[in-house]
Structure formats: C-alpha cells, structure tokens
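# Understanding the architecture of this molecule
In case you want the letters, here they are:
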Amino acid sequence: MELISKIPKIDFISKAPLSMVFSALLIVATVYIWIARGENKFGIDYVGGFEYVVQLKDGASVDQLSAALKTAPTKIFDGAIIQSFSGSTDHSVRFSSREEAKVVRQELIAALKAGLGERFEILKSDFVGPTFGEELKNKALLAVVLALVGITVYVTFRFEFAFAMGVLVALFHDVIIATGIYLWVGHELNGAALAAALTVIGYSVNDTIVIFDKVREEIFKRKDFDLKDLLNEANCMMLSRTIITTVLTLFSALSLLVFGGGAIQDLSLFLVVGIVAGAYSTVFIACPIVYWWNSWRVGRLTERVS
Amino acid sequence: MDTSVRNRLIVFLASLVLAVVFLIPTFFPDKFTDRGSWISRPIGLGLDLSGGVHLVYQVEGDEAVNSQLLTKANSIRADLRELKIPVLKTGLDSKGQLEITLASNRRTEEAKNKIAEAYSDLNFVDSVPDGERIRLVYSVSELNREKIKTQAMARTIETLRNRVDQFGVAEPLIQKVGSDRVMLQMPGVQDIEAVKRVVGSVAKLEFRLIPTVTGTAGQVMMKDRSGVPIAVEDQALMTGDSVDNARVSVESGQVEVMLSLNSEGTRAFRKITTENTGRQLAIILDNTVYSHPSIREPITQGSASISGGFKIEEATQLAIVLRAGALPAPLKAIEERTVGPTLGKESIRSGISAILIGFVAIVLFMIVYYQKSGALAVFSLFINGFLLIAFLSAFGATLTLPGIAGLGLTLGMAVDSNVIVFERIREELRNGAGRDAAVSAGFDRAYSAIMDANMTTLLSAVILYFLGNGPVRGFAVTLSIGVLTTVYCAVFVSRLGFDLLPLRGKKELSI
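Source: prediction; values computed, not measured.

Calculation rules
- Here the residue numbering is sequential within each chain, running from 1 through the sequence in written order.
- Chain labels run from A onward and ligand labels from 1 onward, assigned in the order the entries are written.
- Given that this is a predicted model, residues contribute local features only at a pLDDT of at least 70 and side-chain atom pairs are listed and counted only at 80 or more, while totals for whole chains, interfaces and linings are drawn from all residues.
- A run of H or I in DSSP becomes a helix once it reaches four residues, and a run of E becomes a strand once it reaches two; helices and strands are each numbered from the N terminus.
- Working definition of burial: number of other C-beta atoms within 10 Å of the residue's own, with buried at 20 or more, exposed at 12 or fewer, and partly exposed in between, all C-beta atoms being placed from the backbone.
- Here, residue contact means that the backbone-derived C-beta atoms of the two residues sit within 7 Å.
- Residue ranges for the domains trace back to a domain assignment, done automatically or taken from a database.
- The classification used treats Ala, Val, Leu, Ile, Met, Phe, Trp, Tyr, Cys and Pro as nonpolar, Asp, Glu, Lys and Arg as charged, and all other residues, Gly among them, as polar.
- Any two strands with at least two DSSP bridges between them are considered paired.
- Residues of type Ala, Val, Leu, Ile, Met, Phe, Trp, Tyr and Cys that are buried and joined through C-beta atoms within 7 Å form what is called a nonpolar core.
- Fitting a line to C-alpha atoms yields each axis, with helices limited to the stretch in contact; the angle taken between N-to-C directions then spans 0 to 180 degrees.
- An angle counts as roughly parallel when it lies under 35 degrees, as roughly antiparallel when it exceeds 145, as roughly perpendicular when it falls between 65 and 115, and as oblique in every other case.
- Confidence of the prediction at every residue is given by pLDDT, a number between 0 and 100.
- For any pair of crossing helices, the crossing counts as left-handed if the nearer helix is rotated counterclockwise from the farther one by less than a right angle, and right-handed if it is rotated clockwise.

### Considering the overall build of chain A
Looking only at helices and strands, chain A has 11 helices and 4 strands in total. Summarising its shape, the C-alpha atoms of chain A cover approximately 80 × 45 × 30 Å along the three principal directions. Evaluated residue by residue, chain A yields a buried proportion of 50% over its 306 residues. For chain A, the proportion of contacts with a sequence separation of at least 24, taken over those separated by at least 6, is 79%.

Right, dumping it as structure tokens:
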C-alpha cells in the first residue's frame, strides 16, 4: 500500500511567500494573545501562588464552587481563577496571596464547607513562592533558548549554516505557534508546557533533517543542480515519509490528549500543535529559508560541493 | 546461518535476558524491598502518582551567621567580665555586624586586645564613642560567613533526617538542592502542616530567668502561647544543647514533655536551680514562653519538664523536635505540594489507557501499510517498550505522570525511525535494487537521519532534565532512555529481523 504512489511535482518554494504571510499572521495572533492574557498566562510554577485541585461530589456545580469562594469573608480568593478539566469533576482553583500556606488552606476549607457542605474533596494543593517561581521561569526560558541554540549548532556541525538558519527559524515558528494555540484555548504556561516545548524543538527538527539529508545526498550525486529544484524535489520525494511519521507520532500525542487527563492533557495539547506546525514548517518555512539565505549569500552551497 | 547474523542474534537475546533481570524487582516488588539486594530496584512512583507531601525549604544561612555571632557575643561578655570590663549590651546592626557596647571607654584597648586574641575570626571594623560609653563593631569575613553557612546546611540536612526518621514514613527523600535549599518528599503523607511543624520549626529551646523587677536593663519582652507579653532576662542560662532525650508523659490528665538532660546539662541545671531558688524560670521554645514555673528547690537529678496545656499530638511532635535537636537556621518553605491518594491512581489508569490506544493505532497502521515489514516494526516497538521499562528500573528511576506521557510519546517517535528505513527500502526497490541490496542500502542510508533525529531529541531531553522542575524531569528521563532504546531497536533489532526472516509477500519483500 502506498500513500502517494507517484512522486508529485510541487513547487513548494515558490508558494513560500504565501505560507510566510500565513505563519506571520499566526505569530502576530500569538503575540496578541500573549499580551492579552497578561500575567495569568503563567501557571503558579512560573509566577508563584496557590493552586488547589478540588473534586466536586454529589452534583455540586462549578457555579456553587465559584459562589463559595466569592462569598467567603476573606479577601484571599478575590482574584481566584477556576479552571475545569474537560469531562471531569475536578476543578483547579488558582490565586495568589501573601498569606501563609497554613492560613490559606484553613480559609479555603472553611469557604468550601460553608458553600458546598461535604460535597468536595481537595485532591491536590500546590504553593510556589513568588521568587522561586520567577527563578523557575528564568530557568524555563533558558532551557528553551539553550535547546534552540544547541540544535542550531548541531545542524551547522552536521550540515551547513544555511540549513541551520532554516531549522532555527522553523523551530521558533513551531514553538511560537504552539504556545499561541495553547494559550488561546485557555491553558497556562507551566512545567508541562516547558516539557512539551522542548520535545517539539527536539522532534520537529526531525522531518527537516530528513529532507536536508536527502538534499545533501543529491548534491553529492549530481554535478550540476539548482538548489530551488533540489529542495522542491526532496520535499516531494519525502512527502509521504513526512506525512506518515507525523501522523504516527500524532496517534500517540492525540491519544494522550484525549484519554490522558490532568497534566498529560496540558503537555499533549502543546505537543499536538507543535508536531503539526513542525511538519508544515519543514516544507513551507525551513526549506524556503535555506534557499533564500543561500541566494543571498550567493551560492555558498554550490561552491562547497564543486 | 551467517556468523554475523548469529552473533547479532546472540547480542539481541542477551539484551533481552538483561532486561528481564532488570525487571525482576518490578514484577516482584515485595521480595526486593531493600536497596542493594539486586542490581535494579522496582520502578517507584513519583509523588504526583503515589500521593504525598513535597516541600522545598530555603535555609536562611544569614540567620545561622547571626546566631553564631550572638553566641560569640555572649562568650565575649563572659571573657570581659573576668577582666572586670563591664559590657552594657551586645547586638547586631542592620548590616549584620556585631556591636559590643562597653559601659566605659577607659579600658577599650584592653578589651580590643582580648577580643583580637581570643576571637581571631572577628574583624575589627570601627569604634564609636557614645559619651562615657563606647561601641565596638566587628564583622566576619565573607569566607567565614560562607563556612558557617555550609556547616549550617550540613547540620540542617542531618537534623531533618533525624526528625523525618522519627516521623515514621516509608521511603522519605531528603535532598540538597543547590547551595542553600533542601527538598523533602514524604510519600503517603497528607497532613502537610504536621510535617512542617515537625520538620520546619527551628526548635530553639532556652531556659531564662524571669526578672524580679520589670523594666530594668537586661530584659527582653516575649510572648507566651496565648500571646500575652512577658518579660524575661536577655541571657539564656541553658539551651536545647543540654537535652539528651525528650518524651511525652501524661499524669492525671496533664500532658507534659519530659526532658532528660545530659551530664553537662544536669550540672548546669543544678547550679541554676540552686542559685535561683524561689525565682521563676521561663522555658522558651522559638521565642515563645511555654511555661515559667517557680524553682522550689535545687533540682539535681537532671530532668525538667515542659507543660503548657498540650494536646497529645502536639506534645509528641514537640518531643520529636527536641530529641532531634535545633536547626542552625530558620527554614522558609518556597514550594509546598500535596497530592491526595486517589488522584494518582486515576492518573495512572487514564495514562496507561491513552498509551495503549495510541499504540493500537500505530500497530494497525504499520501492519496495514507495511504488511510483514510493518509487523516486524511492531515487534521491534514491543521490544523497545520492554527495554525502556527495564532500563528505567535499572537506573532506579521513578515514574511520574509526565513520565507516562513520555513513554507513550517515545513509542510514537520510535516508529518514525522504522518508517524512515522502510520508505528508503521502498525507494531502493523502485529503483530496481534486489531484496537484500535494498534492505542493506535502506538501513545504511537511513542511519544518519535516524541518528540526527534522535540526537536532537536527546539534546532537548537532557536540557529539560537539568533545567526543569519536579515531575517533568521524569518525562526527560523516559525520553532520554527512550532515545537510546529507539536507536538500538530501529538500527539493530529491525535489521536483524530483515536478515533473519524472509518477510516474503506477493513480491520478494512484503513492505
């Protein structure tokens, strides 16, 4: 069985301006969401604060939970955000407070008892100090930067700087777009998102490397070549491979997203978007960038080989 | 059979045997409870799955330095008293420098010489005249500060170990994080406040006299347990260092903590009670006055008791901290997490079903699309999962919720390597290569792409391990080990399959 029985001839590179505009729009949208979400885009891992996972029982509703927190005599829960996990009776309550963890817990239990009686259970509680959160956020940022730089260096070392440029731009693109959609559906950036971002960076470069590998192989085979044709050809030859590997990894990621629950959902949503963006950016971002970069630096690849 | 194939088959079978050996403890966890009895351990569950308490404490090292300085101040005061140089007061200024105020400036040089001679680690900073009085200011060198902090850190960990051991929890984890932090994990525990009371309180015990006349010099105000202010002398006559053991006693409904003093403490206590019969002695814990009984007669047998309307639970916790000793510095909780016992079970169940569903989809696709070769890829995927779990066990890794996701994802990414090879073989077949030539070229040419793809994933995973926090590090661990098993399975195991099995279909190769 074959997905694509005859290798197609598609001029991906010439369609690049269009795809670049499309990606640019998505990136602008991400920047907008990033700004619009303000501080609440970060989970307590990265800004500090309190988070409780409350399970509602015997038909207690989210509205009752929210009312219980609003009517509490204390000011601790004033800015509380309630987030519900789809298809679950578990709800996360998040807020920041200068009070001691002990006091916060007592007040929360009192407020929930007053509003819900015995129809709740606290499954999980987290407190992260604000300075510690800030520190974790900086570390997370450093991790993303290091991974991007590390992979760029690796690709430069294994291929050529022009290829590394393509990879770097494509990876930035994937992480930004995955972050945008992740934030847009209401998730917050936390440790799970960091794990997913780094996985996307490590994984989405794979398709790109496979194409570059093919391009390099053809460069060595042929005496005379046009880089644009070669990139297009490699993309076409590898098209079924790109699609199949992406789909197979998506099987895992989607199944984690749909059936995984809790923290796994956060992680896999980011992954799913990142994996799709990664396949798209291989063809429509990374390859055109290599071509443009190379044309600008006047045929460095050609010199190398001849 | 060709020798190369035979040798590779032996290596493959050996790796399976090794994996089984690694996995024995995981399948029979009851028989391998103690560490070191086998080369691997049962795969443990991370706190996010097992439930329990996770705490990260910041050790306030500066406070340890301050408290050492104040102890020094007391002994300087005593030394100068021997030289008949009265010290009016001692204390720390805002920069953490030690201030010693002499009642008169006539014998300043003598005092300075004595201090310079006996306390070489103190650096003289300044002397500030104040009428008749004079204030001497001393500092500690940065090197000494660091030394004190390092010692405080070591003692904190030791004391926490002692306290946690007495808490009676299976497999607690105490770990130094960075230069000034301690991480503490206690699986199965839910009451984080109780943990913080026992583990996190400084437990500085002091015995001080209550002044007979209030409002004179040499007194400080403290509060008792109900918050009522009470004046006590500013010098402690005895501290928790004199305590040898502590236990709870209940007599006619009154809960007390009985202290047995060590020999030095017994001597000191005898002296205190003899010299101060009739006065009140305050028993102070972390700057709160617990009780202040009157000394009726000299106490010689070396025991004291703290009462104060305790509940049994409270007294038990107090006895634990007094036995384990005081912390050299206060602790500040910067991260506190508790996970209930039910959450983890649900998570494991849904996580595993998610992996299985994804896996079934992959299996179906591979067999339909690549037929017999696809079946071989599925076999190699099984081996991959098996080896991955075995290596997790060999490294004593714990499985966290993100770690489960890592397991599922690894399988999804691992099959990519097979696809790269298979597509390459198809290409070679299309170009007219024979079966063996196509297989051989397929693996050889796909090799560099497979290595590159896995190296970049490994790079990301390692960065995540070092810069991530908490359970996501479990994800990094599964992903990293997964990369290694994937390369082995895709390059070595699948290749062996092609060399060993005919994998014939309608054509020469079913792919």
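After that view of the structure, there is still more to cover.
### Regarding the domain arrangement of chain A
Domain annotation of chain A identifies domain 1 (13-42 + 133-305) and domain 2 (49-127). Of note, the centres of domain 1 of chain A and domain 2 of chain A, computed from C-alpha atoms alone, are 39 Å apart.

### Some remarks on the interface of chain B and chain A
Accessible area lost during the coming together of the parts is what is often quoted as the interface size. Of the residues lining the interface, 56 residues belong to chain B; the matching set on chain A comes to 57 residues. Counting only elements with at least two residues in the side of chain B that touches chain A, the list comes to β18 (331-339), α9 (341-394), α10 (401-430), α11 (435-467) and α12 (472-500) of chain B. Here the side of chain B that touches chain A is composed, by residue class, of 32 nonpolar, 17 polar and 7 charged. Pairing between strand β4 (residues 120-128) of chain A and β18 of chain B: 5 bridges, direction antiparallel. Along β18 of chain B, the bridge assignment pairs serine 125 of chain A with threonine 338 of chain B.

### What about the nonpolar core?
In this structure, Val167, Ala197, Leu198 and Phe270 of chain A are the most contacted members of the largest nonpolar core, which totals 168 residues. At 20 residues, helix α10 (residues 262-296) of chain A tops the list of elements feeding residues into this core. Those residues in contact with phenylalanine 270 of chain A, other than ones at most four positions away along the chain, are Ala178, Tyr182, Ala193, Ala196 and Ala197 of chain A. Counting residues in each nonpolar core, the second largest holds 64 residues, with Ala111, Ala203, Phe269 and Leu281 of chain B among its members.

### What about the sheet that holds strand β13 (residues 243-251) of chain B?
Backbone hydrogen bonds hold the strands of a sheet together, and the pairing may be parallel or antiparallel. Residues and elements named next belong to chain B. Reading across the sheet, the 3 strands line up as β13-β14-β17 and stay open at both edges, with antiparallel pairing between neighbours. Looking at strand neighbours, the two that pair on one side only are β13 and β17 (303-306), the edges of this open sheet. Across this sheet, the average inter-strand angle for adjacent strands is 30°, counted without regard to direction. Judged from the 8 bridges that link them, β13 and strand β14 (residues 254-261) form a sheet pairing that is antiparallel. Bridging across to β14, asparagine 245 finds its partner in serine 260. Across the face of the sheet, helix α8 (residues 312-324) comes into contact with β13 and β14 while running at roughly 170° to β13.

### Some remarks on the sheet that holds strand β16 (residues 288-291) of chain B
Taken together, 6 strands build an open sheet; the order of strands is β11-β10-β16-β15-β9-β12 (chain B) and the sheet is mixed. The open sheet has two free edges, formed respectively by β11 (229-233) and β12 (238-239) of chain B, since each of these has just one partner strand.

### Re the packing of α11 of chain B against α12 of chain B
All names here are of chain B. Put simply, α11 and α12 touch, their axes get as near as 8 Å, and they point 170° apart. For the element pair α11 / α12, the angle class is roughly antiparallel. Here the residues of the contact of α11 with α12 sort into 19 nonpolar, 4 polar and 2 charged.

### Remarks on the domain arrangement of chain B
The assigned domain composition of chain B is domain 1 (3-51 + 340-500), domain 2 (54-59 + 148-337) and domain 3 (62-144). On a C-alpha basis, the centres of domain 1 of chain B and domain 3 of chain B stand 66 Å from each other.

### Describing the confidence of the model for chain B
Overall, the predicted model of chain B reaches an average pLDDT of 88, with 99% of residues at or above 70. Across the interfaces of the predicted complex, the ipTM metric reaches 0.91, alongside a pTM of 0.86.

### Quick notes on the packing of helix α9 (residues 239-259) of chain A against α10 of chain B
Orientation of α9 of chain A relative to α10 of chain B, taken along the N-to-C sense of each, is 165°, at an axis distance of 9 Å. The orientation of α9 of chain A relative to α10 of chain B falls into the category roughly antiparallel. The chirality of how α9 of chain A crosses α10 of chain B is right-handed. Residues Ser240, Arg241, Ile244, Thr245, Leu248, Thr249, Phe251, Ser252, Ala253 and Leu256 of chain A of α9 of chain A form the contact with α10 of chain B, whose participating residues are Ala405, Gly408, Leu409, Leu411, Gly412, Met413, Val415, Asp416, Val419, Ile420 and Glu423 of chain B. Considering only residue class, the contact of α9 of chain A with α10 of chain B consists of 12 nonpolar, 6 polar and 3 charged.

### So, helix α8 (residues 227-237) of chain A
Buried residues of α8 of chain A: Leu230, Leu231, Asn232, Ala234 and Asn235 of chain A, and no others. Contact partners of the buried residues in α8 of chain A: α7 (191-221), α9 and α10 of chain A.

### Some thoughts on the pairing of strand β10 (residues 219-224) of chain B
All names here are of chain B. Little of β10 is tucked away: 0 of the 6 residues are buried. Pairing of β10 with β11, which is carried by 5 bridges, proceeds in the antiparallel orientation. The residue of β11 that forms the bridge with valine 220 is valine 232. Where β10 hands over to β11, the hairpin turn is made up of 4 residues, of which glycine 227 adopts a positive phi near 90°.

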